[in-house]
2 protein chains.
Amino acid sequence: MDAFEVLWGERGAPRRGPRPTLTVGELAKAGIDLADREGLGAVTMQRVAEALGVTKMATYRYVPGKDELIALMVDTAMGEPPELSHIDGGWRPQLKAWTMAMFDLMRAHPWALRATVGRRVTGPNELGWVEKALGALAEARMDGGQKMDVVVALTGQIRAIIEQAADTSEEDIAEGWAKVLATRAERFPHVVKALAESEQHKSRDQGLEFGLERILDGVELYLSRQ
Amino acid sequence: MDAFEVLWGERGAPRRGPRPTLTVGELAKAGIDLADREGLGAVTMQRVAEALGVTKMATYRYVPGKDELIALMVDTAMGEPPELSHIDGGWRPQLKAWTMAMFDLMRAHPWALRATVGRRVTGPNELGWVEKALGALAEARMDGGQKMDVVVALTGQIRAIIEQAADTSEEDIAEGWAKVLATRAERFPHVVKALAESEQHKSRDQGLEFGLERILDGVELYLSRQ
DNA sequence: AAGACACAGTGTACGGTAGACACAGTTTCA
DNA sequence: TGAAACTGTGTCTACCGTACACTGTGTCTT
């Protein structure tokens, strides 16, 4: 049983033996709850098992190892992709809605960022999200590779905004960058200036909005040139 | 001694006691070598210490913990930011050169992606990179927050491309997505189509190029509207 | 009906991890 | 010439993922 099978294979009830007391779904949910409340570092086989009232070795009956549990958590947390087809106005408002939905999701589960770096197996929900985004672009005059590149750019934007928000949260910026910039302002004049000017509109949704509109503008311009 | 001090404080030679046999720089370099060769998972205090010929506890004389060592590795691997002022043509070619330079860097040290998720302290080199990018935008008609948003969008694009490349490397795509799409093509028709069409031009630099040009187009359009 | 079989959850054990702490040796300052 | 400050070492603890043997349970086959 590998990660692929855990994510994509359906689990028929076993023919013989005692009934399983858990399901992979419950396992994933327990992990997600733990990660939401205490961060990804708190997700250990021990604690997940505790939350479900079994010993940690019991979890290995459902999942071959921790990596696969995390993968399962990610795909479960991602959930069903949103329906976009009812949104009027073509690909642009649809992609915007898609991006916002994923942004909200990632903000609700910030640990998912850390859990989705490096090589991993794509789960059904995650692939469903990609499918929806590509569906929004179905009529656009670009080849498939370029459509995929647009989707990649959007996910990159989401991640970047959330990570920047994590880096520059109120207390961090106060005791981090500010501490540096106070003593070394002459070495980073542009950073100092940019930070000073951005004090006013500090909402992170605004940062997402701005970058997102630039990307969509760029795509629109590209399409209008074809 | 916290992460901030490790990254930003200079370490004067101690007044008394035996000479330190190492420097924080050597520590960082040993960690980087290890991570480059065997991945971030191979970086343990034990193995870093071994590579330097000391016991693992000796490393704690230079660095308060592993997190700080990783932060140091990241900032060291990032290195001095490239000089952009000599590049003609205004902010756009400069930002493009900046992005390409960072892309090359991240490809040379793929572990840096995993090491730069979540809350962390920004080091001097990393801040220097941001400074250079903002410098390229110094004359642009945007406020500082928007300039910062552009930089964030560019870093997001770099990360997204590299992670996508890791996910969809040749063998992974063959035994991962392809395996799914073969049996469930009807569920993900747009993904199937996009992947088929993108078979031809599979170079990842092309993916970076495309997304990057869209972003820069979007920024340019925004500036032309001001 | 009864045994064989497949499976679930438990308990124990192991190698590896980060890091705390006490200690011995070394260099410099008072 | 101590005393003080500092380095690297050895030992120890708590925790991690996970391998493996075992007991108990439900079902299929004879």
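This report concerns the structure included in the present document. Note that the structure is predicted; figures quoted are calculated from it, not measured. (Residues numbered from 1 in each chain as written. Chains lettered and ligands numbered in written order. Predicted model: local features only at pLDDT ≥ 70, side-chain atom pairs only at ≥ 80, totals over all residues. Heavy atoms only, no water.)

1. Some remarks on the relation of the copies chain A and chain B
Once chain A has been moved 0.0 Å along the axis and rotated by 180 degrees, it coincides with chain B to within an RMSD of 0.1 Å. Both copies of the chain, as the preceding transformation shows, are related through a two-fold rotation axis. Take the interface residues of chain A: 100% of them recur as interface residues in chain B, which is what a same-surface contact looks like. (Least-squares fit on C-alpha atoms with pLDDT ≥ 70 in both. Contact = heavy atoms within 4.5 Å.)

2. Section: the protein's contact with DNA strand C
As a matter of local geometry, DNA strand C sits amid 26 residues, with T21(A), T55(A), R61(A), R15(B) and K66(B) nearest to it. Near the protein, meaning within 4 Å, the atoms of DNA strand C are sugar or phosphate in a fraction of 62%, with bases accounting for the rest. Here a sugar or linking oxygen of DNA strand C and a backbone polar atom of R15(B) are 3.4 Å apart. Separating a phosphate oxygen of DNA strand C from a backbone N or O atom of K66(B) is a distance of 2.8 Å. Looking at the surface near DNA strand C residue by residue, the classes come out as twelve nonpolar, six polar and eight charged. (Near = heavy atom within 4 Å. Polar contact = N/O pair within 3.5 Å; in protein donor to acceptor, adjacent residues only side chain to side chain. Nonpolar A, V, L, I, M, F, W, Y, C, P; charged D, E, K, R; others polar.)

3. Some points on the interface of chain A and chain B
In this assembly, 67 residues from chain A lie in contact with 67 residues from chain B. Three residues, E131(A), D149(A) and F210(A), lead the burial of chain A against chain B; their summed loss comes to 10% of the area buried on that side. The interface formed by chain A and chain B includes four salt bridges. The shortest N-O distance in the salt bridge between R159(A) and E163(B) comes to 3.7 Å. (Buried area = accessible area lost by both parts, 1.4 Å probe. Salt bridge = Lys/Arg side-chain N within 4 Å of Asp/Glu carboxyl O.)

4. Side note on the pattern of salt bridges
This structure, assessed with the given rule, holds 25 salt bridges over all chains. Residue D217(A) pairs with R214(A) through a salt bridge whose shortest N-O separation is 2.8 Å. One end of the pair, D217(A), and the other, R214(A), are both in helix 12 (residues 204-225), three residues apart, so they sit about a helical turn from each other. There is no split in this pair, since D217(A) and R214(A) are both buried. In the salt-bridge network here, residues are joined through shared partners; they are R92(A), K96(A), E209(A), E213(A), R214(A), D217(A), E220(A) and R225(B). (Helix = DSSP H or I, 4+ residues; strand = E, 2+ residues; numbered from the N terminus. Buried < 20%, exposed > 50% of the residue type's maximum accessible area, 1.4 Å probe, protein only.)

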